[in-house]
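Summary of structural features
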Amino acid sequence: MNTLLKKYTALVAKLLLPLGPLGVLAAAALDAAFYGLPVDAVVVAFVIARPSRFVLYPLMASIGSALGSLVIYAIGRKGEELLLEKRISPQRLERIRDRFQRQEFFAVMIPAMLPPPTPFKLFLLSAGVFRMKVRDFLLAVFCGRMVRFLLIGALIRYFGPEIAEMAKRMFHEHRWLTLTALLALIGLVIYLWRRPAKELAEEIEK
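Calculation rules
- Residues numbered from 1 in each chain as written.
- Predicted model: local features only at pLDDT ≥ 70, side-chain atom pairs only at ≥ 80, totals over all residues.
- Heavy atoms only, no water.
- Helix = DSSP H or I, 4+ residues; strand = E, 2+ residues; numbered from the N terminus.
- Buried < 20%, exposed > 50% of the residue type's maximum accessible area, 1.4 Å probe, protein only.
- Contact = heavy atoms within 4.5 Å.
- Polar contact = N/O pair within 3.5 Å; in protein donor to acceptor, adjacent residues only side chain to side chain.
- Expected span 1.5 Å × (residues − 1).
- Core = buried A, V, L, I, M, F, W, Y, C linked by side-chain atoms within 4.5 Å.
- Phe/Tyr/Trp six-rings, centres within 6.5 Å; stacked < 30°, edge-to-face > 60°.

Within the secondary structure, Asp-136 is located in helix H8 (residues 134-159). Judged by relative accessible area, which is 19%, Asp-136 ranks as buried. Sequence-distant contacts of Asp-136, that is, excluding residues within four places in its chain, are made with Glu-104 and Phe-105. Reaching out from Asp-136, the side chain makes a polar contact with the side chain of Arg-135 at a distance of 3.1 Å.

Turning our eyes to something else, we now look at the environment of Arg-97. Note on placement: Arg-97 falls in helix H6 (residues 90-113). Since its relative accessible area comes to 19%, Arg-97 is described here as buried. In this structure Arg-97 touches Glu-81 and Phe-130, once residues within four positions along its chain are discounted.

Taking 1.5 Å per residue, 26 residues should reach 38 Å; H8 reaches 37 Å between its end C-alpha atoms and fits that length. Taken residue by residue, H8 has Asp-136, Phe-137, Ala-140, Val-141, Gly-144, Arg-145, Met-146, Arg-148, Phe-149, Ile-152, Gly-153 and Ile-156 as its buried positions. Within two residues after H8, Gly-160 carries a phi angle of roughly 90°, on the positive side.

By the criterion of burial, helix H7 (residues 120-129) is predominantly enclosed, with nine of the ten residues buried. Those residues of H7 that fall on the buried side of the exposure criterion are Phe-120, Leu-122, Phe-123, Leu-124, Leu-125, Ser-126, Ala-127, Gly-128 and Val-129. Elements that come into contact with the buried residues of H7 comprise helix H2 (21-33), helix H4 (56-79), helix H5 (81-87), H6 and H8. The first or second residue beyond H7 is Arg-131, which carries a positive phi of 60°.

Formed by 26 residues in total, the largest nonpolar core has its most connected members in Leu-84, Phe-100, Val-108, Met-132 and Phe-137. Where this core is concerned, the elements lending two or more residues are H4, H5, H6, H7 and H8. Top element by residues in this core is H6. It accounts for eight residues. Filtering out sequence-adjacent residues up to four positions away, Val-108 remains in contact with Phe-100, Phe-120, Phe-123, Ala-127, Met-132, Phe-137, Ala-140 and Val-141.

This part covers the packing of aromatic side chains. The geometry of an aromatic ring pair is captured by two quantities: the separation of the ring centres and the angle between the planes. Going through the model one piece at a time under the given rule, you end up with five aromatic pairs. Pairing Tyr-73 with Phe-137 gives two aromatic rings, centres 4.6 Å apart and planes at 35°, and the pair type is tilted. Taken as a pair, Tyr-73 in helix H4 and Phe-137 in helix H8 lie far apart in primary sequence, 64 residues in all. Seen from their ring centres, Phe-105 and Phe-106 are 5.6 Å apart, and the 85° between their planes marks the pair as edge-to-face. According to the relative accessible area criterion, Phe-105 is partly exposed, its value standing at 24%. The class for Phe-106 is partly exposed, based on a relative accessible area of 31%.

Okay, unusual backbone geometry next. With phi around 60°, Arg-131 is a residue other than glycine that occupies positive phi space. Along the chain, Arg-131 falls in the loop between H7 and H8. Residue Arg-131 is classed as partly exposed on the basis of its relative accessible area of 42%.

The values are spatial; any link to function lies outside them.
So this is what it looks like as structure tokens:
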């Protein structure tokens, strides 16, 4: 199975590499709208080929993923809660509804950051069902994917392709520990970003 996946990934990368950054965008858009393209592996292949563009490729992949996600969002918006009721239990539906009511941005952004088997498309569908604003939806998907793909790109750029496989194995073997550390890092970044903004607002009001 792993050999087949590697061959498939190599084929996809071979077909997309001549397209440059647009190839990454197209792969991410198709993967988000439908299914089947190993976008992480595509980003890895592109960064290995052109390490100096380790920021550009994650950026294009994040834009593509956000745009492609609009397909699932539109399906959810049109089908409303009936779509979710067919796929998940009433208890899980209530939990997702509560999460969107309290923190809809992070309800999309955090799943967008996480690798499979996170049910990312379920949250895209839920965003449409619960009528999340398109602007906020696109930004949440973009931010989550950017964190994920930029981390992959930076790891490949500075530590080589072996580090990506190690990180993937660590996530599967120590999922909650890795997720906790990642969320703590994100929380720190948000805190450091919001604090100067808050101080500036207080200064203006004086």
